[in-house]
Every structure is written in structure tokens, then in C-alpha cells.
Amino acid sequence: MNPNRWIDGNDGVYVAGIGLHPYQFPSETPYTHLGLTAVRAALADAGLDWEQVQSAYVGTTSIGMAVGRVMFRHLGSTGLAVTQVENASASGSFAFRQACMEITHGISDVALAVGVDKHGDGRRAANKDGLERLSDTATIPAVKFALMARSYLRERGARIESLARVAVKNHGNASRNPYAQFRKPRTLEQVLASPKVAGDLTVQQCCPRGEGAAAVLLVSGSALKRLGLDARRCVRVRASAAISEREETVYGQGSIDLVRTSARAALEQAGIEAKQLDLVELHDAFSVEELLYSEAIGVCDPGEGAAYLERGDSQIGGRCAINASGGLIGMGHPLGPTGIGQIAEITRQMRGEAKGRQHPNAHWGLAHMIGLGSVAIAHVLSAAGT
């Protein structure tokens, strides 16, 4: 087997069930309720019983140790292997990757990837490295991306409206998504008039922190028929690629290079070109990221991000729906669940079950996340029969 196609082992990896707890603002809701709501929904969606799940990977950042076992004992202590994964915003994405690796290598035929988070203290290891910072704002993402936004506008000859239109699109998509944290469409005027956060970035161009959960059940191709699953609703995982940062030579270029390299690796593994993608869910914690990363992934040509959006090419019903879920800006960004929520959205779209916001003829999708600008991960999925 081609080593670049490791994902095809055990007759392939399939998403058989998806479930979410709506993303929401911080509340007193226990994380166990959030997570179990998503897991139970995924089990029901797949038509599987909890006892059939052989292993579980839990993506989380802010709750604490042993999140999975505390949560899963409410479903029954079956002895399944449980692994907790933390990798900043990409925690859920890496939990999903680990579950894929277990399936494809024949360790398990049914694996769960679940992301769950509450708005915790969010302490970072970088704040404990024993080094003094030259500036208190040096590692604040909003400042970094505000500077990148200013560079983007200058280099592309674009206007601040180009940034704001990302938020208009994604808030509009989120308004039709029952799992989204923000459910109100926003006009261009509203986005521009919302309070400034840093530079040209306003509140409605920045993602919220909150809480929520997302779960997917993965099964091997070799077990699909034995488990009695409906193959027409099972979306195939065609690629998984993960990397970390290299030395940055131009300020802000590091995260763009991460996106470009990881996306290219995943697309090469899947054997398709970027412009064949029908769906992309990407890290838009700040509006400028969608413009930068759509170019880096190759969905549009270099320098074309703003024009691609303005032509409607990234809208639902356009050439490639980018962040049909509402993205981080509209759907929300509870950290642990975010990457798994992207997989759930792509699966729902490929099944034709995204009521009220369905992108037509969705056959190929890419889910992409970065974590604190220093790790990146990309997954390619395809619809049944593709």
C-alpha cells in the first residue's frame, strides 16, 4: 500500500454518526451534559449501541484531567480505551485523527472522537516558559491578526469592507444553523459599526469563546456491512495530514505557510486538486483568516480571496462553500469541539441533510484547523459513491 494512502487501511475509515450539543455562551451546564448530548446523538445517528464502541478520543482544553472517563461512566463502564487530546484550537481535530489511525490500522472497528469544552482559564504553556516578553501584546492573537489584516489590505489593494464581508457571510450561514452560538444575520453596516477589537477588526469579525460539544463515530470499511450500517450515509475519510510550524521569516507568514503545507499534503494524499473541493471548513477566528487561508489552500488563486468572496463563489450555492456552518465567527469556537464540529458539518452537507443551508452537489470537503498558529491539521472527506 502506498504509505501516503495509509488512511485506506482496514478497507477505509468512514464517519457513520454525528452529534452536537449547540455551541453557546458560558453557562452553569455541566460539561458531562454537553458531551453526552453529542455522543448520544452520534450513536442514534449511526444506529450503534454504546457497547459497540471500542475506543474513544476526547479533545478538550480547559476542563481538566480525565474528562472522558468521568463523562462516559454515565453511559456504562465497558472497559473501552479512552485517550484525552489537547492541542489548543485543533484539539478535536487531532482527536479525530487519532481515532482514524486506530481504525485504519485495524486496532478497532468502531471508534469515537468527541470534543467538549467549558470556558476555563485557558492557561498557556507559553506563559510558563520562564522567559520575559518584550511586549504584553506579543502573543495576543487579536493583535497578530489585526496586523496581518492591515498587511493584507495594503498588499491586495482591498478595503476594510472585504474583511467585514467574511463576517456577514458567516453570520448569515450561522443564522440557519441550529447548533450555532450566533443565530442572527448581520449586515455589512452592522459588522463595521460593531466595537473595534484591534486595528480594523471589529467584534463581529472575531470569534466568541463559549462551550459545547461535538461527536463523530468512525467505523472501518471492513465492518460496515457486519454492523448493518447504511453505506449511503457514511462519509469516507480520504486524507489526514498534520504538521507544526517552521521558523518564521516574515511576520504572520508562519500560519499561512502552515495552512498551505498541511492542506497540500492532505489533498495530495486524497488525490484531488484544491479547486475540486465543494466544501471547506476553516479556522476563521478572525475574518482576515478566511481570505488568507482560502488562497493558501488553493480554493482560489493567490491575491483573489476578497474577490472570490465578493463574487459569491464562497457562498452556499457558490463554487465552494467556505464555512457553511458559520465558521468560528458565527458557529462559535469552544476550542475542544471545533474541529470535530467541522467534520459533522461536512458530513451533514454530503448527506444532503443540512436543512435550510444545503450546498448542492457536495462530493469533496476539507476540514482545516490551526492551533495557536503553531500546529495545523487537515482532513479530506468524500461523499458516499465518490
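Refer to the structure above for everything that follows.
Counting starts from 1 at the beginning of each chain's written sequence and moves along it residue by residue. The predicted nature of this model means local features are confined to residues of pLDDT at least 70 and side-chain atom pairs, given and counted, to a pLDDT of 80 or more, with totals for whole chains, interfaces and linings taken over all residues. Hydrogens and water molecules were not included; the side-chain quantities draw on all heavy atoms of the structure.

Asker: I would appreciate a short explanation of the environment of Ala-367 in the present structure.
Answerer: With respect to the secondary-structure elements, Ala-367 resides in strand S11 (residues 364-371). A relative accessible area of 3% means that Ala-367 is categorised as buried. Each C-alpha atom of the pair Ala-367 and Phe-286 lies 17 Å from the other, and the pair is 81 residues apart in sequence. What Ala-367 contacts, discounting residues up to four positions off in sequence, is Glu-281, Gln-342, Ile-343, Ile-346, Ile-377, Ala-378 and His-379. Elements are defined by DSSP. Helices are runs of H or I of four residues or more, strands are runs of E of two residues or more, and each kind is numbered from the N terminus. Accessibility here uses a 1.4 Å probe with only protein chains present; expressed as a share of the type maximum, an area under 20% marks a residue as buried, one over 50% as exposed, and anything in between as partly exposed. Residue contacts are defined here by distance: any two heavy atoms, one from each residue, within 4.5 Å place the two residues in contact.

Asker: What exactly am I supposed to notice about empty space enclosed by the protein here?
Answerer: Taking a probe equal in size to a water molecule and rolling it over the atoms shows the remaining empty space. A 1.4 Å probe that fits but cannot get out identifies a cavity on a 1 Å grid over protein atoms alone, an open set with protein on both sides within 12 Å along at least five of seven lines counts as a pocket, and a residue lines either if it has an atom within 4 Å of a point. Grid points are joined across faces, edges and corners, and a volume is the space filled by probe spheres set on the points. The tally for this structure, following the rule as stated, stands at 3 cavities of 30 Å³ or more. Considering only enclosed or pocket space, the largest cavity measures out at about 70 Å³ in volume. If you go around the largest cavity, the residues you meet are Tyr-23, Glu-281, Ser-325, Gly-327, Leu-328, Met-331, Gly-332, Thr-338, Gly-341 and Gln-342. Listed by contribution, the elements that provide at least two residues to the lining of the largest cavity are helix H10 (327-330) and helix H11 (338-351). Considering each element in turn, the lining of the largest cavity owes the most residues, 3 residues, to H11. Gly falls in the polar group here, along with every residue not listed as nonpolar (Ala, Val, Leu, Ile, Met, Phe, Trp, Tyr, Cys, Pro) or charged (Asp, Glu, Lys, Arg). When its residues are assigned to classes, the lining of the largest cavity shows 3 nonpolar, 6 polar and 1 charged. What the second largest cavity holds in volume is close to 40 Å³. Along its surface, the second largest cavity is lined by Leu-20, Asn-177, Tyr-179, Met-331, Gly-341, Ala-344, Glu-345, Arg-348 and Arg-357. It is H11 that provides the largest number of residues to the lining of the second largest cavity, a total of 4 residues.

Asker: Is there a simple way to explain the nonpolar core in this structure?
Answerer: Across soluble globular proteins, you tend to see nonpolar side chains buried next to one another. Grouped together as the largest cluster of nonpolar side chains are 95 residues, with contacts concentrated most on Val-15 and Leu-277. When near neighbours in sequence (up to four residues on either side) are disregarded, Leu-277 contacts Leu-267, Ile-272, Ile-297, Val-299, Arg-319, Cys-320, Trp-364, Gly-365 and Leu-366. By convention a nonpolar core is built from buried Ala, Val, Leu, Ile, Met, Phe, Trp, Tyr and Cys residues, the set being connected through side-chain atoms within 4.5 Å. Ranked by size, the runner-up nonpolar core spans 33 residues in total, among them Tyr-14, Ala-16, Tyr-31 and Leu-229.

Asker: Any chance you could explain the layout of surface pockets here in plain terms?
Answerer: Volume-wise, the second largest pocket comes out at about 390 Å³. Lining of the second largest pocket is provided by 23 residues; of these, Arg-156, Gln-253, Ile-256, Arg-260 and Leu-292 occupy positions nearest its centre. At the level of secondary structure, the elements contributing two or more residues to the lining of the second largest pocket comprise helix H4 (141-156), helix H7 (253-270) and helix H8 (287-297). Among the elements that make up the lining of the second largest pocket, the one with the highest residue count is H4 (6 residues).

Asker: Help me out: how do you make sense of the sheet that holds strand S10 (residues 321-322) in this one?
Answerer: Across a sheet, paired strands are connected by hydrogen bonds in the backbone, their directions being either parallel or antiparallel. With mixed pairing, 10 strands are arranged side by side in an open sheet as S3-S2-S4-S7-S1-S8-S12-S11-S9-S10. Only two strands of the sheet have a single neighbouring strand rather than two, namely strand S3 (81-85) and S10. Strands in contact with helix H3 (residues 91-104) are strand S1 (13-24), strand S2 (55-59), S3, strand S4 (110-117), strand S7 (211-220), strand S8 (235-244), S11 and strand S12 (375-382); relative to S2, the strand with the most contacts, it is inclined by about 160 degrees. Contacts from H8 reach strand S9 (279-281), S10 and S11, with the element oriented near 120 degrees to S11. Only strands that DSSP links by at least two bridges are regarded as paired with each other. An axis is simply a line fitted to the C-alpha atoms; with a helix, the fit covers only the stretch in contact. Between two such axes, the angle follows the N-to-C directions and lies from 0 to 180 degrees.

Asker: Got a minute to help me understand the environment of Leu-381 in this structure?
Answerer: Mapped onto the elements of the fold, Leu-381 is located in strand S12. For Leu-381 and Thr-202, which are 179 residues apart along the polypeptide, the C-alpha to C-alpha distance reads 33 Å. Every residue in contact with Leu-381, bar those within four places of it in the chain, is listed here: Val-15, Val-235, Arg-236, Val-237, Arg-238, Ile-343, Ile-346, Met-350, His-363, Trp-364 and Gly-365.

Asker: Is there a simple way to think about the pattern of salt bridges in this case?
Answerer: For side chains of opposite charge, pairing can occur when their charged atoms come near one another. Any Lys or Arg side-chain nitrogen found within 4 Å of a carboxyl oxygen on Asp or Glu counts as a salt bridge. Applying the stated criterion across every chain yields a total of 21 salt bridges. Among the salt bridges present, the one from Asp-45 reaches Arg-351, with a minimum N-O distance of 2.8 Å. Placement of the pair is Asp-45 in helix H1 (residues 31-46) and Arg-351 in helix H11, with a sequence separation of 306 residues. Where Glu-290 meets Lys-169, a salt bridge forms, and the shortest distance between an N and an O atom there is 3.0 Å. On the criterion of sequence distance, the pair formed by Glu-290 in helix H8 and Lys-169 in helix H5 (residues 160-174) is long-range, its members being 121 residues apart. Like Lys-169, Glu-290 is buried. Put simply, Asp-45, Arg-233, Arg-351 and Glu-353 are held in one network by salt bridges that share partners.

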